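Residue-level listing of the chains:
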Amino acid sequence: LNGLPLVATKGTGETAKRIPHPVLELLKQPSSKTTGTTLEMQLIADLELSGNCYAVVLGKTQPESVLRLHPKRVRPVPSPDGQILQYIYTDGASITHYPADRVLHCRYPSWEEGPEGLLGTGAIESLANDLTAELELSKRAATAAKSGKPAAVASPANANMVWGQTQVKEFGENIRS
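Residues numbered from 1 in each chain as written. Predicted model: local features only at pLDDT ≥ 70, side-chain atom pairs only at ≥ 80, totals over all residues. Heavy atoms only, no water.

In this model, the largest pocket occupies a volume close to 710 Å³. Those elements giving two or more residues to the lining of the largest pocket turn out to be α1 (22–28), α2 (36–50), β3 (52–58) and β8 (103–107). With 7 residues, α2 is the single largest residue contributor to the lining of the largest pocket. In terms of residue class, the lining of the largest pocket is built from 20 nonpolar, 3 polar and 3 charged. (1 Å grid on protein atoms, 1.4 Å probe; cavity = no way out; pocket = protein on both sides within 12 Å on 5 of 7 lines; lining within 4 Å. Points joined across faces, edges and corners; volume = space filled by probe spheres on them. Helix = DSSP H or I, 4+ residues; strand = E, 2+ residues; numbered from the N terminus. Nonpolar A, V, L, I, M, F, W, Y, C, P; charged D, E, K, R; others polar.)

Here the focus is helix α3 (residues 123–147). The end-to-end C-alpha distance of α3, which contains 25 residues, comes to 37 Å, matching closely the 36 Å that a straight helix rising 1.5 Å per residue would cover. Backbone geometry just after α3 places glycine 148 at a positive phi near 75 degrees. (Expected span 1.5 Å × (residues − 1).)

This next bit is on the sheet that holds strand β4 (residues 65–69). Strands sit in the order β4-β3-β8 across an open sheet of 3 strands; the sheet is antiparallel. Edge positions in the sheet fall to β4 and β8, since each has one partner strand and no second. With strand direction ignored, the average angle separating the axes of adjacent strands in the sheet is 25 degrees. Sheet analysis places β3 next to β4, joined by 5 bridges and oriented antiparallel. Looking at β4, one finds that valine 56 is bridged to leucine 67. The strands touched by α2 within the sheet are β3, β4 and β8, with β3 carrying the most contacts at an inclination of about 140 degrees. (Pairing = 2+ DSSP bridges. Axes fitted to C-alpha atoms, helices over the stretch in contact; angles between N-to-C directions. Contact = heavy atoms within 4.5 Å.)

Turning to the pattern of salt bridges, a few remarks are in order. Enumeration over the complete set of coordinates arrives at 3 salt bridges. The shortest N-O distance in the salt bridge between glutamate 25 and lysine 28 comes to 3.4 Å. With glutamate 25 and lysine 28 both in helix α1 and 3 residues apart, the pair spans about one turn of that helix. With relative accessibility at 56%, the residue lysine 28 sits in the exposed group. (Salt bridge = Lys/Arg side-chain N within 4 Å of Asp/Glu carboxyl O. Buried < 20%, exposed > 50% of the residue type's maximum accessible area, 1.4 Å probe, protein only.)

This is how it looks when you write it as structure tokens:
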């Protein structure tokens, strides 16, 4: 579908007529350094990975350019009724406040409550959780290996009892689970 041309129409159904509209030209060349295709692909990548994509519409009286805002640098600010009042964009050295009506925000659904519920959930969140868990496991294994001593020692309660292969295997399975 994204290969189809964008058109503006007035009316509905059989009475709809194509009309020229300045936003169509703006979407072909959203800024002096970005093509419409580049912006579209970047917004799709942002949405898929983070669950959110943002673009700010700039211009005094009418839209003159559309710029991508990196999702990690954007923070929506809720109003008392839970709607988005404004967006705060931080780019290292400066902080910019954009009113909600100047920011195009597409998002996936979210199960979060509170202000976090204003953000979508993307693929990167579950991937980041998996990678964090694997990293922690790797760190623990490295720490245990450096110590040079076992973390625990187990033996039968009765000194005269000898564990067989089955008991050792069951004990190992219980420790791992």
